[in-house]
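Chain and residue survey
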Amino acid sequence: MNDPNGCFLDGNGTWHLYYQYNPTGLTAGNQHWGHATSPDLYHWTNQPIALFPPTPDDGVFSGSVVVDANNTSGFFPDQTDGVVAIYTLHTPTSESQYIAYSYDSGYTFTVYEGNPVLDIGSDQFRDPKVIWYEDHWVMVVAYATEFTIGIFTSNDLKTWDHASNVTDIGLFGLLYECPNLVQVPLWENGKATGELHWVLIISINPGAPQGGSISQYFPGTFDGYKFTPSDGGTRISDFAKDNYAEQFFFGTKADEAVSIAWASNWQYTNNLPTASEGWRSVMSLPRMNYLTKVERTGWEMGSLPYGIDAVRSRELSYDGDFVNKSVIVDYSNVTSGALYFEATFSLPPVKNITGVPTFNLTFSAPGSSDKLRAGYIFGGSNAGIGWIDRRNTSGYGGDDPLFTDRFSVAGVALAKTISGVIDRTILEMFIDDGAFSGTSLFFPQDKFSNLTLEAQGMPDDAKVTIAVWELNGVWDNQ
Ligand code: FRU
């Protein structure tokens, strides 16, 4: 599988995730819309395939889903929970936008007979994301090779008018893909202000600074027809390499901007070693997103795991005074193999710090030289840098020059929190309430079962706390 598609929350509280899915192979191709549902975005039930390509040469490419509560489309005279999917039909010679409707809350779809609903005669025009703006529908869609996001409007999801373009912003890469336009809550000093702010997200592939595919985002204003970026900055969603084609859920509360991303990279996704187990690719954790201002560089979109308590279980380790200490947490008896960790830091301003305080995490397995490391530097010329190092995981990467293995990010202010989730083949790390996040796949030879935490070189008046929890498996009851 690859991109998440049509993510939405239905009126009964069920989360729906569709995704790019090849039912006949473990590499991308023969694209269908797979479908899974969940009460909490962690425990998933696989559902039958939702959308099929009309011929074997075509693909149902990425898109989005809306609930047409007011029957603007005319498909739903007798219900308020009608669902419409808007997606790209990719053929060997064209890409145009199609719609399909569902009477049963998104489990089965009927393809609209009047398709395509938007066709500009291009073969590089894809990934429509539709939202509701006050009194009309708005679509953002990528003119992939023209580095342009088109904004279209509609009253009925069937007829679309061109409203404006956003052209040539940020990093181009070789393609613009999977745009999203969303309002996210504004935070100040770690707290929601009650205000919302618009953000345009554009995925690029290849051409990420780290190599391959990445999403970039632009805070801005939107008047229902035209998007204007707030500043000239280009910001990327993740400092590692496995976070792409992020999609926001339709139907969430106004003050909750929930997203999920494909946790992989087009540079190596089709070669990763899990194929021997009959699967390839995972999604990121569900994320709650917010926008905040950080020192000097301004806008930053932060993200944290959404509703992690749905799986958080036993506390394995806690220390409220973890200054200049280290601890090894043995989690070999955690059946899911997954952990959630959180550390908090209170240090003097960086100009008053002498030496180089560090916080380090090392995941390892007894008797194996494989390890995954991550950390943060609190002093010296690299103060404010967070990093992930997957170079010593020998199950994949040694022969692949594109499986970049070390990543870092710099903030001006020192981080006050570092948290994250490690699962069998993925680390998601959140620095300073997720103002910066790193999503990184790794493939150890042996399953990791030890976590070493270290806080060294800390000044005497530093305060550091750490906590580690076991996460429940999410497939246990299926
Ligand atoms: C992004 C992407 C989309 C396209 C889909 C095809 O990863 O290339 O632009 O719709 O994947 O699977």
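- Under an unreviewed UniProt entry, the name given to the protein chain is Inulinase, and the organism recorded is Papiliotrema laurentii.
- In its Sequence similarities (unreviewed entry) section, UniProt records this for the protein chain: "Belongs to the glycosyl hydrolase 32 family."

Side note on the site of the ligand
- By nearness alone, every residue bordering the ligand is listed as Asn2, Asp3, Gln20, Gln31, Phe61, Ser62, Arg126, Asp127, Glu177, Cys178, Tyr244 and Trp266.
- The separation between an oxygen atom of the ligand and a polar side-chain atom of Gln20 is 2.7 Å.
- One of the backbone N or O atoms of Ser62 is found 3.1 Å from an oxygen atom in the ligand.
- Within the complex, the protein chains bury 94% of what would otherwise be the 320 Å² of accessible surface of the ligand.
- Here the shell around the ligand is composed, by residue class, of 4 nonpolar, 4 polar and 4 charged.

Remarks on the UniProt feature "domain: Glycosyl hydrolase family 32 N-terminal" (unreviewed entry) in the protein chain
- What UniProt calls "domain: Glycosyl hydrolase family 32 N-terminal" (unreviewed entry) maps, in this numbering, to residues 1–288.
- Along residues 1–288 one finds 0% helix and 48% strand; the C-alpha atoms at either end are 23 Å apart.

Remarks on the sheet that holds strand 3 (residues 32–38)
- The 4 strands are arranged 1-2-3-4 in an open sheet whose pairing can be described as antiparallel. Two strands lie at the open edges of the sheet, namely strand 1 (4–9) and strand 4 (45–51), each paired on one side alone. Direction aside, the axes of adjacent strands within the sheet are offset by 25° on average.
- Where strand 2 (residues 15–21) meets strand 3, 7 bridges bridge the pair, whose relative direction is antiparallel. Opposite His16, over in strand 3, you have Thr37 as the bridge partner.

The rules we used
- Residues numbered from 1 in each chain as written.
- Predicted model: local features only at pLDDT ≥ 70, side-chain atom pairs only at ≥ 80, totals over all residues.
- Heavy atoms only, no water.
- UniProt positions renumbered as here; feature names shortened; annotations may be inferred.
- Near = heavy atom within 4 Å.
- Polar contact = N/O pair within 3.5 Å; in protein donor to acceptor, adjacent residues only side chain to side chain.
- Areas by Shrake-Rupley, 256 points an atom, 1.4 Å probe, with all protein chains shown as cover.
- Nonpolar A, V, L, I, M, F, W, Y, C, P; charged D, E, K, R; others polar.
- Helix = DSSP H or I, 4+ residues; strand = E, 2+ residues; numbered from the N terminus.
- Pairing = 2+ DSSP bridges.
- Axes fitted to C-alpha atoms, helices over the stretch in contact; angles between N-to-C directions.

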